[in-house]
Amino acid sequence: MEYSLKLLTNYIQHILEYPETASLHPEDLSSDFRNLGKGIILLADKIRDLTTQLQQKTEAAELENQVLMDNIQAMDEISWELEQSNQELRSNLALVNALTDYTHNMIFVYSVDTAREVHTNQPARWFQKAHAQTADQLIRQLLDKQPEIHRQIEQQNGQHRDRQLPEPTAGQDGQPVEEQTQSERNPSSLRWNMALGSADGTDVYYQVESFLIPWFHSDAENSRDARKQAIVHIVIDETERQRRQNLIYRFAYVDPLTNLNNRRYATEKMEEWLQEGTAFTLSFIDVDYLKYCNDTFGHEQGDSYLIEVSNALQTLGGEVCRVGGDEFFLLQTGIGAMEQDRRLEELRQMMLDDKSSGHPKCFSYATTLVPAHCAVSLTEYISDTDTKMYQYKQKYKIPLSDVVYKDDRI
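Since this is a predicted model, take the numbers as computed values, not measurements.

**Description of the overall build of the protein chain**
Turning to step 1, where the next piece is worked out: Within the protein chain one finds 13 helices and nine strands.
Turning to step 2, where the next piece is worked out: The buried share of the protein chain, reckoned over its 410 residues, is 35%.
Turning to step 3, where the next piece is worked out: Long-range contacts, defined here as pairs at least 24 residues apart, represent 62% of the contacts in the protein chain between residues at least 6 apart.
Turning to step 4, where the next piece is worked out: Here the protein chain has roughly 26,000 Å² of accessible surface; of this, 51% comes from carbon and sulfur atoms.

In C-alpha cells, the structure reads:
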C-alpha cells in the first residue's frame, strides 16, 4: 500500500513539473489503488491537453502582439515620413511663392471650398492697384468660373485614372504613337480665354491656365487643417497679340473704306460652303455713276457714295463683300435667285428715287444660284454672274444725261 501511494505521489509531482515525461503504469499499483491510478492518468492527459492549448494560444497572442507592434512602428515611420513630406511641400510652396514674383504673368490662387485668396504674386498685386476696375472684373470672372474648373479637372482626373490605356501602337518609323490631347498631357489643368472691357473703353484679352493643386496655408497652425485644395490661375495678357491678329485679319480680309469683307474673304467663304455642301446665291453688284460722282463732286463724295451703297446692301442680310473699286458680292444661303433679284431691284429703285445727295445713285446686279453639290468651278460661276450683270447694265442702266442734275460746273 505504501508503495502504491508513493508511486501515485511521484506521478502527480511529475505531472505538475514535467507533464510531457510523467508516466504511470496501473499494473504496478495494488488492486485497491488501480482504479484511482487510472483516474489520475486520465486527469493527467487532460492537463497535458490544456497545457498544450494554453501554450498555443500564448504563442498566437505573442505573434499578434508582435504584428501589432510592427504595425505601430510602421505607422510611426509613415507618419514621420508624411510630416517630412508636408514640411518639404510647405518649403517648396514658399519657394514657389517667392519665384512667382519674378514672372511677368499674373498669378492668383484661391481656395476651392471658401474661394478665399491664398496667394497673389507681385505682378497681380500691382495690376490690382494700377487697374482696380479691370482687376475687379478679372477676379470676379476667375471666382465665377472656379466651380466649373474644379468640376472639369476632377472629371479629367477621374477619366485619366480609370482609363485602361491600350498597348502603344507603332508608327511608320517603328516608334510608339503618343496621345496628344491636353487632358492626357496634363489632366490637372484647364486653359481658357477671357475678354474684358478696360476703363478707357478698349477691350483687353487674357489667356488663363488654371491648375488644381494641394495648398498649405502658411498662417495655419495645424498642418492637417492647412492642407486644402486650391486653384492656381496663371493669367497671361494676350491683348497685344490679339490686336496684332485683328490687324492682320483686317489687312487680309477687310476693306478699309467700307469695313466690309473683301474678295479673299468672299472666295474662302464660298469655297467653305461648297465643301460643306451648302447651296447659296451669288449676287454681283456694280455701282453706277461712280466716275461721274468722283469727277464732279470729288473722291471724298465718291467714297461716301460707296459707303452708302454698302450700308444699303447690308440691309438685305447675308455676306456683303467689296471685291473691287465699285463692285460688291452679296452671298446668302436659304434664298433663291429670283427672290434675291426681287429684293435687289426694290433696293435699286429706292436709291434711284433718293435725290438728297445731289448726284444720281444706282447699281446694276445679277444673281446666280450655286447648288449644294456642283461640278462647275467657282471661277465659272463668278464669271457667268459677272457677264449677266453687264448684260443687265446694258439693258436697264439709265443714261447719265437722263439722271444728271443741273450743275454749274458742267
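**Considering the pattern of salt bridges**
Turning to step 1, where the next piece is worked out: Applying the stated criterion across every chain, the model contains 14 salt bridges.
Turning to step 2, where the next piece is worked out: In this structure, aspartate 295 and lysine 291 form a salt bridge, with 2.7 Å as the shortest nitrogen-oxygen distance. Here lysine 291 and aspartate 295 lie together in helix H9 (residues 290-297), a separation of four residues that amounts to about one turn.
Turning to step 3, where the next piece is worked out: Given the relative accessible area of 61%, lysine 291 is considered exposed.
Turning to step 4, where the next piece is worked out: Notably, a salt bridge pairs aspartate 354 with lysine 361, separated by 2.6 Å at the nearest N-O pair.
Turning to step 5, where the next piece is worked out: On the accessibility criterion, aspartate 354 (26% relative accessible area) is partly exposed.
Turning to step 6, where the next piece is worked out: A single salt-bridge network, built from bridges that share partners, covers Asp286, Asp288 and Lys393.

**What about helix H10 (residues 299-314)?**
Turning to step 1, where the next piece is worked out: If you check H10, its first and last C-alpha atoms are 23 Å apart, about what 16 residues at 1.5 Å a residue would give, namely 22 Å.
Turning to step 2, where the next piece is worked out: Turning to H10, its buried residues are Gly302, Tyr305, Leu306, Val309, Ser310, Ala312 and Leu313. When H10 is viewed along its axis, its buried side chains cluster within an angular range of 160 degrees and face the same direction.
Turning to step 3, where the next piece is worked out: Close packing links the buried residues of H10 with strand S6 (280-288), H9, strand S7 (319-322), strand S8 (327-332), helix H11 (337-353) and strand S9 (362-370).

**Points about the nonpolar core**
Turning to step 1, where the next piece is worked out: Formed by 21 residues in total, the largest nonpolar core has its most connected members in Met106, Phe108, Leu138, Leu142, Met194, Tyr206 and Val235.
Turning to step 2, where the next piece is worked out: Of all elements in the fold, only strand S1 (106-111), helix H3 (122-130), helix H4 (132-162), strand S3 (189-197), strand S4 (203-216) and strand S5 (227-237) reach the threshold of two or more residues within this core.
Turning to step 3, where the next piece is worked out: A per-element tally of this core places H4 first, with six residues.
Turning to step 4, where the next piece is worked out: Non-local contacts of phenylalanine 108, meaning those with residues more than four positions away in its chain, are made with His119, Thr120, Ala124, Gln128, Leu138, Ile139, Leu142, Ile231, Val232, His233 and Val235.

**Topic: the confidence of the model for the protein chain**
Turning to step 1, where the next piece is worked out: Per-residue confidence for the protein chain gives a mean pLDDT of 82, with 80% of residues at or over 70.
Turning to step 2, where the next piece is worked out: Confidence over residues 170-185 falls short of pLDDT 50; this stretch has 18 contacts with residues more than four positions distant or in other chains.

**Quick word on the side chain of threonine 281**
Turning to step 1, where the next piece is worked out: With respect to the element layout, threonine 281 can be found in strand S6.
Turning to step 2, where the next piece is worked out: For threonine 281, a relative accessible area of 0% translates into the label buried.
Turning to step 3, where the next piece is worked out: Residues in contact with threonine 281, not counting those within four places in the same chain, are Leu330, Leu331, Gln332, Ile335, Gly336, Ala337, Gln340, Thr367, Thr368 and Leu369.

**Here we look at the sheet that holds S6**
Turning to step 1, where the next piece is worked out: A sheet is described by the order of its strands in space; here four strands give the open sequence S7-S8-S6-S9, paired in antiparallel fashion. Lying at the two open borders of the sheet, with one neighbouring strand each, are S7 and S9. With strand direction ignored, the average angle separating the axes of adjacent strands in the sheet is 20 degrees.
Turning to step 2, where the next piece is worked out: As judged from the six bridges shared by S6 and S8, these two strands associate in the antiparallel manner. Bridged to leucine 282 within S8 is leucine 331.
Turning to step 3, where the next piece is worked out: Set on the sheet, H11 makes contact with S6, S8 and S9; between it and S9 the angle comes to about 170 degrees.
Turning to step 4, where the next piece is worked out: Contacts from helix H12 (residues 378-396) reach S6, S8 and S9 within the one sheet, and its direction differs from that of S9 by about 145 degrees.

**Here's the deal with the packing of aromatic side chains**
Turning to step 1, where the next piece is worked out: The tally for this structure, following the rule as stated, stands at 10 aromatic pairs.
Turning to step 2, where the next piece is worked out: Residues phenylalanine 108 and tyrosine 110 carry aromatic rings whose centres are separated by 6.4 Å and whose planes lie at 5 degrees to one another, so their mutual orientation is stacked.
Turning to step 3, where the next piece is worked out: Take phenylalanine 108: its relative accessible area is 0%, and that puts it in the buried class.
Turning to step 4, where the next piece is worked out: Look at tyrosine 110 and you get buried, because its relative accessible area is 3%.
Turning to step 5, where the next piece is worked out: Taking the centre distance of 6.5 Å and the plane angle of 85 degrees together, the rings of tyrosine 253 and tyrosine 265 count as edge-to-face.

**Digging into the environment of glutamine 394**
Turning to step 1, where the next piece is worked out: Mapped onto the elements of the fold, glutamine 394 is located in helix H12.
Turning to step 2, where the next piece is worked out: When the C-alpha positions of glutamine 394 and serine 364 are compared, they lie 9.2 Å apart, and in sequence the two are 30 residues distant.

**Things to note about the pairing of S1**
The side chains of a regular strand alternate, first on one face of the sheet and then on the other.
Turning to step 1, where the next piece is worked out: Most of S1 sits out of view: six of its six residues are buried.
Turning to step 2, where the next piece is worked out: By the alternation rule, side chains of S1 split into Met106, Phe108 and Tyr110 and Ile107, Val109 and Ser111, which are all buried.
Turning to step 3, where the next piece is worked out: Across three bridges, S1 lies against strand S2 (residues 117-120) in antiparallel orientation. Across the sheet, residue tyrosine 110 finds its bridge partner in S2, namely glutamate 117.

**Structural notes on the side chain of threonine 258**
Turning to step 1, where the next piece is worked out: Mapped onto the elements of the fold, threonine 258 is located in the loop between helix H7 (239-253) and helix H8 (263-276).
Turning to step 2, where the next piece is worked out: Residue contacts for threonine 258: discarding those within four places in its chain leaves Leu306, Ile307, Ser310 and Arg322.

**Comments concerning unusual backbone geometry**
Turning to step 1, where the next piece is worked out: In this structure, alanine 115 takes a positive phi of about 60 degrees despite not being glycine.
Turning to step 2, where the next piece is worked out: Structurally, the position occupied by alanine 115 is in the loop between S1 and S2.
Turning to step 3, where the next piece is worked out: Although it is not a glycine, tyrosine 289 adopts a positive phi angle of roughly 65 degrees.
Turning to step 4, where the next piece is worked out: Residue placement: tyrosine 289 occurs in the loop between S6 and H9.

Rules behind the numbers
- Residues numbered from 1 in each chain as written.
- Predicted model: local features only at pLDDT ≥ 70, side-chain atom pairs only at ≥ 80, totals over all residues.
- Heavy atoms only, no water.
- Helix = DSSP H or I, 4+ residues; strand = E, 2+ residues; numbered from the N terminus.
- Buried < 20%, exposed > 50% of the residue type's maximum accessible area, 1.4 Å probe, protein only.
- Contact = heavy atoms within 4.5 Å.
- Areas by Shrake-Rupley, 256 points an atom, 1.4 Å probe, with all protein chains shown as cover.
- Salt bridge = Lys/Arg side-chain N within 4 Å of Asp/Glu carboxyl O.
- Expected span 1.5 Å × (residues − 1).
- Arc of directions from axis to C-beta.
- Core = buried A, V, L, I, M, F, W, Y, C linked by side-chain atoms within 4.5 Å.
- pLDDT = per-residue confidence, 0-100.
- Pairing = 2+ DSSP bridges.
- Axes fitted to C-alpha atoms, helices over the stretch in contact; angles between N-to-C directions.
- Phe/Tyr/Trp six-rings, centres within 6.5 Å; stacked < 30°, edge-to-face > 60°.

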